Amino acid sequence: MPPERPPHFSMLRSFALADFVTLANAASGTLSILLCLHYVAERERIYVWVAFALLPLALACDVLDGTIARWRRKHSPLGADLDSLADVVSFGVAPAVLGYALGLRGPWDAAALIYFVACGISRLARYNVTAAELSDEHGKVRYYEGTPIPTSLLIVLLFAVLFATGRVHEQLWLGAISLGPWAFHPLSLVYVASGSAMVSGTLRIPKP
């Protein structure tokens, strides 16, 4: 006798309320990326301002999903993985795309942005596999190893200030230098510093 087929959308039916809030986090980050692409194509400033605004909204969803999960006492490995994947989009890829859209477009800059995203992915993967051993007797993780990936919003804030003051594109803050065959924007080092802090094994940040 063939196995019974699961009902349509059975995976979505298994989601808890917190999981849908997590998906809202991912949706905010994805829309921010799409708006950056619109800006690159059309140079309409409103697209970037909305892209900036969506990332704090993603952070609010990231905080809220954990609050809802604790309130409803529904935690699951699926929810933890959803949270990490959403964070990669909203606090890893989206800030990197913002930097690219606003002037960090040289090959060396691209390497810095790729490094930043790779560090964010690595940091979240490490957290997922070490969360159990870092937890106290109540199952609460006591501290983060390395800075949490949402700290990338500090870079987003920096770029929002630069965008508001016209220090992007050809006027990008700190300018550009020749490094071998390509130009390099020193500002891209903020991504390198942020990524390195995320994967640091010596930084321990108390978890609220």
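Residues numbered from 1 in each chain as written. Predicted model: local features only at pLDDT ≥ 70, side-chain atom pairs only at ≥ 80, totals over all residues. Heavy atoms only, no water.

## Section: the overall build of the protein
In terms of helices and strands, the protein carries 7 helices and 4 strands. For the protein, with 208 residues in total, the buried portion stands at 43%. Put simply, 76% of the contacts in the protein that link residues at least 6 apart link residues at least 24 apart. Accessible surface for the protein amounts to roughly 11,600 Å². Of this, 68% is attributable to carbon and sulfur atoms. (Helix = DSSP H or I, 4+ residues; strand = E, 2+ residues; numbered from the N terminus. Buried < 20%, exposed > 50% of the residue type's maximum accessible area, 1.4 Å probe, protein only. Contact = heavy atoms within 4.5 Å. Areas by Shrake-Rupley, 256 points an atom, 1.4 Å probe, with all protein chains shown as cover.)

## Focus on the UniProt feature "transmembrane region" (unreviewed entry) in the protein
Here the UniProt-annotated "transmembrane region" (unreviewed entry) positions come out as residues 20–40, 46–64, 110–129, 141–163 and 183–203. When the span residues 46–64 is considered, its composition is 100% helix and 0% strand, and the gap between its end C-alpha atoms is 27 Å. End C-alpha to end C-alpha, residues 110–129 measures 29 Å, and it is 100% helix and 0% strand. (UniProt positions renumbered as here; feature names shortened; annotations may be inferred.)

## Structural notes on the packing of helix H6 (residues 153–164) against helix H7 (residues 189–199)
One way to put it is that H6 packs onto H7 with a least axis distance of 10 Å and a crossing angle of 165°. The orientation of H6 relative to H7 falls into the category roughly antiparallel. H7 is crossed by H6, and the crossing has right-handed handedness. Counted together, Ile155, Leu158 and Phe159 of H6 and Val190, Tyr191 and Ser194 of H7 form the full contact between these two elements. (Axes fitted to C-alpha atoms, helices over the stretch in contact; angles between N-to-C directions. Parallel < 35°, antiparallel > 145°, perpendicular 65-115°, else oblique. Left-handed = near helix turned anticlockwise from the far one by under 90°.)

## Details of the side chain of Asp109
Tracing the sequence through the fold places Asp109 in helix H5 (residues 107–134). Despite its burial, Asp109 pairs with no opposite charge, the nearest such side chain being Arg105 at 8.7 Å. (Lys, Arg positive; Asp, Glu negative; His and termini not counted. Salt bridge = Lys/Arg side-chain N within 4 Å of Asp/Glu carboxyl O.)

## Points about the environment of Leu59
Position of Leu59 relative to the elements: it lies in helix H3 (residues 45–72). A relative accessible area of 29% places Leu59 in the partly exposed class. For the pair Leu59 and Ser28, spaced 31 residues apart in the sequence, the C-alpha separation amounts to 9.3 Å. If near-sequence neighbours (up to four positions away) are discounted, Leu59 is found in contact with Phe91, Pro150 and Leu153.

## A look at a nonpolar patch on the surface
Taken together, the side chains of Leu31, Leu34 and Leu37 make up a nonpolar region of the molecular surface, amounting to roughly 270 Å² of accessible area. Judged by relative accessible area, which is 44%, Leu34 ranks as partly exposed. (Patch = residues over 30% accessible without salt bridge, like charges linked within 9 Å, V, L, I, M, F, W, Y side chains within 5 Å.)

## Thoughts on the packing of aromatic side chains
Evaluation of the coordinates by the stated rule reveals 7 aromatic pairs. With centroids separated by 6.1 Å and ring planes inclined at 45°, the aromatic side chains of Phe159 and Tyr191 adopt a geometry described as tilted. Within this pair, whereas Phe159 is found in helix H6, its partner Tyr191 is found in helix H7, the two being separated by 32 residues in sequence. In terms of burial, Phe159 and Tyr191 fall into one category: buried. Aromatic ring contacts, followed pair by pair, group Tyr39, Trp49, Phe52 and Phe163 into a single cluster. Above the plane of the ring of Phe163 lies Arg45, whose end atom (NZ or CZ) is 4.1 Å from the centre. Positioned over the ring face of Tyr100 is Arg105, at 5.5 Å from the centre of the ring. (Phe/Tyr/Trp six-rings, centres within 6.5 Å; stacked < 30°, edge-to-face > 60°. Lys NZ or Arg CZ within 6 Å of the ring centre and 35° of its normal.)

## Thoughts on H6
In this model H6 runs 16 Å from its N-terminal to its C-terminal C-alpha over 12 residues, within 8% of the 16 Å that 1.5 Å per residue would give. Inspection of H6 places Leu153, Ile155, Val156, Phe159, Ala160, Leu162 and Phe163 among the buried residues, and these make up the whole buried set. Here the buried residues of H6 occupy an arc of 170° about the axis, which is enough to place them on one side. Among the exposed residues of H6, those oriented more than 90 degrees off its buried face are Leu154 and Leu157. Downstream of H6 by one or two residues, Gly166 has phi in the positive range, about 75°. (Expected span 1.5 Å × (residues − 1). Arc of directions from axis to C-beta.)

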